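Commentary on secondary and tertiary structure
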There are 2 protein chains.
Amino acid sequence: MKKHNFSAGPSILPQEVFEKAAQAVLDFNNSGLSILEISHRSKDFVAVMEEARALVLELMGLEGKGYQALFLSGGASLEFLRVPYNLMKMHGKAAYLDTGTWAAGAIKEARQFGDTNVIGSSKADNYSYIPKDYTVPADADYFHCTSNNTIFGTQMHSFPETTIPVVCDMSSDIFSRNLDFSKFDLIYAGAQKNMGPAGTTLIVVKESILGHTGRVIPSILDYKQHIDKESMYNTPSVFAVYTSYLTLQWLKNNGGIDAMEKRNNDKAALLYAEIDRNPLFSGTAKTKDRSRMNVTFLLKDEAHTEQFDKLWKAAGISGLPGHRSVGGYRASIYNAMPIESVQVLVDVMKELERSSQ
Amino acid sequence: MKKHNFSAGPSILPQEVFEKAAQAVLDFNNSGLSILEISHRSKDFVAVMEEARALVLELMGLEGKGYQALFLSGGASLEFLRVPYNLMKMHGKAAYLDTGTWAAGAIKEARQFGDTNVIGSSKADNYSYIPKDYTVPADADYFHCTSNNTIFGTQMHSFPETTIPVVCDMSSDIFSRNLDFSKFDLIYAGAQKNMGPAGTTLIVVKESILGHTGRVIPSILDYKQHIDKESMYNTPSVFAVYTSYLTLQWLKNNGGIDAMEKRNNDKAALLYAEIDRNPLFSGTAKTKDRSRMNVTFLLKDEAHTEQFDKLWKAAGISGLPGHRSVGGYRASIYNAMPIESVQVLVDVMKELERSSQ
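Residues numbered from 1 in each chain as written. Chains lettered and ligands numbered in written order. Predicted model: local features only at pLDDT ≥ 70, side-chain atom pairs only at ≥ 80, totals over all residues. Heavy atoms only, no water.

Quick word on the overall build of chain A
- Helix and strand counts for chain A stand at nine helices and 14 strands.
- Expected size for 357 residues packed as a compact globule is a radius of gyration near 21 Å; at 21 Å, chain A falls within 12% of this value.
- Buried residues in chain A amount to 61% of all 357 residues.
- If you take every contact in chain A between residues at least 6 apart in sequence, the share linking residues at least 24 apart comes to 67%.
- Summing over all exposed atoms, chain A offers an accessible surface of approximately 13200 Å²; the carbon and sulfur share of this is 48%. (Helix = DSSP H or I, 4+ residues; strand = E, 2+ residues; numbered from the N terminus. Rg over C-alpha atoms; globule rule 2.2 N^0.38 Å. Buried < 20%, exposed > 50% of the residue type's maximum accessible area, 1.4 Å probe, protein only. Contact = heavy atoms within 4.5 Å. Areas by Shrake-Rupley, 256 points an atom, 1.4 Å probe, with all protein chains shown as cover.)

Below, the structure is given as structure tokens:
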């Protein structure tokens, strides 16, 4: 039976990516060798790294604008640390927007470096909305935000205008919608949602913002070192980078970010319409801040839980339970998720309504 | 034609590991889902992580001795930073042995934390031997060494006795030979030689050495946090951990570390015997410090280079050129390399000798 994988991450990738990745594990580029056993310095892999880095800038419309793309290791959680190390001046300060668990994690790591100001937070309302009544201080070293909150199902649909560098954790909505990416100075994203498997982190950074802290930066944490070494300062996560490259190619061949955005909007509209229409369900996020990647919802009456869980499991759906801090359900509808799978979920929700009447 | 992959890393893994890993990319544990799209919190992957961590301690004879095994991200180069963060006291000092490029990298990262003493170095002789005339200071916070030097083809065949914690980067010889691992307090190794693909780092740490620095440790760099979260503080490199688990299972099923050591000694003896016998070749490392993982050698007369390169390429050998800092050739003969492939190389060396007479 076909599976409909609504996992929040690691998460669904295009079927053709799985097939090409599996083939490369057996034989990479007809070399007679597995992609797992080749040197990262081999000609074929250096080409993968170079093309993947170029493709990121091309897809984001950032070519020739002073940006560099890097595929580093350690996860987005390591970027929580790399960001202040690279951008917070000695005796400087930073401004953070607190919109969820991961934003709070970034804030925690920044605090030991210096004056870390939380200029807006929705924590008191269990992060069910995106704060908007805040001002980005013009004298901070940078502003940090999280574009999409995987756990709470909220997403920033607009970003503040400011003169200071803007840093954004786009782990769970990168490549899902078009933005003027040149308004961001540093974007980072763990690969394991829209871009690839767990194991690599994309960093897109405007070079001119680096090198101004007066701080000694450990080599492995220094973005400039990674740029100088063309994202090969140390051994990259070869397979994760290759699989991300395959996904980026798929994305380009399927219309790029604009086409993804349209598909994602259609999927989200279909599912939210059912949540709002069906008397058994309610959404958890404030309507105007709803995420088009992670759709969080509850059964109004928990007595229906057993029946609903039985129905969606029988329909081949997996990965639907919500995060423990929100409860209920979370349907993650990343780029690679076809609208047909969303329709299967909507049909199950309708079926629950019928069977409970 | 069968390939004989002598790459220094990422490097050869058992063929059955490639086949199982490729299958899991298409369908993991008959779940209908790829290992690339499942949650790291799913029951099946949590089991992989738990079993892999237990298998490491079992293979090393460290069960019940106060050790924890972790699979972290960021590469061994990140451990160069994690080690001083976790072990160097405020105003403390550390002792390092400088045996090659990677040891020097570890020293560089430690220096900004405090008093980093290089108590022995073979740098002046292009790292062609392992220093032995050194004393580990009893008042240092820890002693750091690199057990095998991939680039220079040297290996520590004994370790100093000391009362302070011993930290060892075993990236290129982990699981290749039996040692009394309980004499080490912290062992780390990038997976991409004997254990798996690039993308995860094994850390084996004695818990009692942690928590004594008086230093604030960023969460992502704090071994205690990773232990508390059972190696899932942040999303692990799922595929790299799974493939490492497959390799560890293969290792156990093929006799464990003792059996590997015997095979590796046989392979190294075969190749070094030919280097010493064949008048066209010479080894680069001092004989008593030769590595049984990375065999570095030169053509005495560079005029033979073109002919030798033609011969080994025709025999299906790949990954043989030496690192630029040593030149010549480097045959990496990790656990998964069969002795038959080493014999192919030896035959080519003999053929060169015959054809040049």
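So much for the structure itself; the text now carries on.
Overview of the sheet that holds strand 3 (residues 93-98) of chain B
All names here are of chain B.
- Within the open sheet, the seven strands sit side by side as 2-10-9-8-5-3-4. Their pairing is mixed. The open sheet has two edge strands with one neighbour each: strand 2 (67-72) and strand 4 (115-121). Within the sheet, the average angular offset between the axes of one strand and its neighbour, ignoring direction, is 15°.
- The sheet contact formed by strand 8 (residues 166-169) and strand 9 (residues 186-190) spans three bridges and is parallel. For Asp-169, the partnering residue across the bridge sits in strand 9 and is Tyr-188.
- Docked against the sheet, helix 2 (residues 43-60) engages strand 2, strand 9 and strand 10 (201-206), running at close to 130° with respect to strand 2. (Pairing = 2+ DSSP bridges. Axes fitted to C-alpha atoms, helices over the stretch in contact; angles between N-to-C directions.)

Description of the sheet that holds strand 11 (residues 281-283) of chain B
Residue and element names in this part refer to chain B.
- The strand order across the open sheet built from three strands is 11-12-14, with neighbouring strands paired in antiparallel fashion. Each having just a single partner strand, strand 11 and strand 14 (329-332) make up the two edges of the open sheet. For this sheet the average axis-to-axis angle between neighbouring strands, irrespective of direction, equals 35°.
- Note that strand 11 and strand 12 (residues 294-299) share three bridges and pair antiparallel. Bridging from a neighbouring strand, Ser-282 pairs with Leu-298 of strand 12.

A short note on helix 9 (residues 339-355) of chain A
Residue and element names in this part refer to chain A.
- A rise of 1.5 Å per residue sets the reference length of helix 9, with its 17 residues, at 24 Å; its end C-alpha atoms lie 24 Å apart and thus fit the reference within 8%.
- Those residues of helix 9 that fall on the buried side of the exposure criterion are Ser-341, Val-342, Leu-345, Val-346, Val-348, Met-349, Leu-352 and Glu-353. End-on, the buried residues of helix 9 take up no more than an arc of 150°, which puts them together on one face. For helix 9, the exposed residues lying more than 90 degrees away from the buried face are Glu-340 and Arg-354. (Expected span 1.5 Å × (residues − 1). Arc of directions from axis to C-beta.)

With respect to the UniProt feature "modified residue: N6-(pyridoxal phosphate)lysine" (unreviewed entry) in chain A
Residue and element names in this part refer to chain A.
- As annotated in UniProt, the feature "modified residue: N6-(pyridoxal phosphate)lysine" (unreviewed entry) corresponds to Lys-193 in the numbering used here.
- Structurally, Lys-193 can be placed in the loop between strand 9 (186-190) and strand 10 (201-206).
- Exposure remark for Lys-193: the relative accessible area of 12% places this residue in the buried category.
- Residue contacts for Lys-193: discarding those within four places in its chain leaves Ala-8, Gly-9, Ser-11, Ile-12, Leu-13, Thr-150, Ser-171, Ser-172 and Tyr-334. (UniProt positions renumbered as here; feature names shortened; annotations may be inferred.)

A short note on the environment of A:Asn254
Residues and elements named next belong to chain A.
- Assignment of secondary structure puts Asn-254 in the loop between helix 6 (238-253) and helix 7 (256-277).
- Looking at Asn-254, the relative accessible area reads 34%, which means it is partly exposed.
- Discounting residues that sit within four places of it in the chain, Asn-254 has contacts with Ala-259 and Met-260.

Structural notes on helix 4 (residues 101-111) of chain A
- The set of residues buried in helix 4 of chain A consists of A:Ala103, A:Gly105, A:Ala106, A:Ile107, A:Glu109 and A:Ala110.
- Residues of helix 4 of chain A that are buried in the fold lie against helix 3 (76-87), strand 3 (93-98), strand 4 (115-121), strand 5 (143-146) and strand 9 of chain A.

Examining the domain arrangement of chain A
Residue and element names in this part refer to chain A.
- Along its sequence, chain A is organised into domain 1 (15-253) and domain 2 (256-355).
- For domain 1 and domain 2, the distance between their C-alpha centroids amounts to 27 Å.
- The interface of domain 1 with domain 2 comprises 28 residues on the first partner and 26 residues on the second.
- Summed over both partners, the interface of domain 1 with domain 2 comes to about 2200 Å²; 52% of that surface belongs to carbon and sulfur atoms.
- Taken together, the links from domain 1 to domain 2 amount to one salt bridge.
- Two residues, Asp-289 and Lys-132, come together in a salt bridge whose shortest N-O distance is 2.8 Å.
- The tally of links from domain 1 across to domain 2 stands at 18 residue pairs in polar contact (both at pLDDT 80 or more). (Domains from an automatic or database assignment. Buried area = accessible area lost by both parts, 1.4 Å probe. Salt bridge = Lys/Arg side-chain N within 4 Å of Asp/Glu carboxyl O. Polar contact = N/O pair within 3.5 Å; in protein donor to acceptor, adjacent residues only side chain to side chain.)

What about a positive patch on the surface?
- Residues A:Arg41, A:Lys229, B:Lys108 and B:Arg324 make up a contiguous surface patch of positive charge.
- If you trace the backbone, A:Lys229 turns up in the loop between helix 5 (223-228) and helix 6.
- Residue classification places A:Lys229 among the partly exposed residues on the basis of a relative accessible area of 43%. (Patch = residues over 30% accessible without salt bridge, like charges linked within 9 Å, V, L, I, M, F, W, Y side chains within 5 Å. Lys, Arg positive; Asp, Glu negative; His and termini not counted. Charge placed at Lys NZ, Arg CZ, Asp CG, Glu CD.)

So, the UniProt feature "binding site: pyridoxal 5'-phosphate" (unreviewed entry) in chain A
- The positions UniProt marks with the feature "binding site: pyridoxal 5'-phosphate" (unreviewed entry) are A:Ala76, A:Ser77, A:Trp102, A:Thr150, A:Asp169, A:Gln192, A:Asn234 and A:Thr235. In terms of the greatest pairwise C-alpha distance, the residues named above, spread along 160 residues, do not form a single cluster, extending to 30.0 Å across.
- Assignment of secondary structure puts A:Asn234 in the loop between helix 5 and helix 6.
- Among the residues examined, A:Asn234 registers a relative accessible area of 11% and is labelled buried.
- In contact with A:Asn234, not counting residues within four places along its chain, are A:Ile220, A:His226, B:Gly74, B:Gly75 and B:Ser77.
- Here A:Thr235 is to be found in the loop between helix 5 and helix 6.
- Assessed through its relative accessible area of 21%, A:Thr235 is described here as partly exposed.

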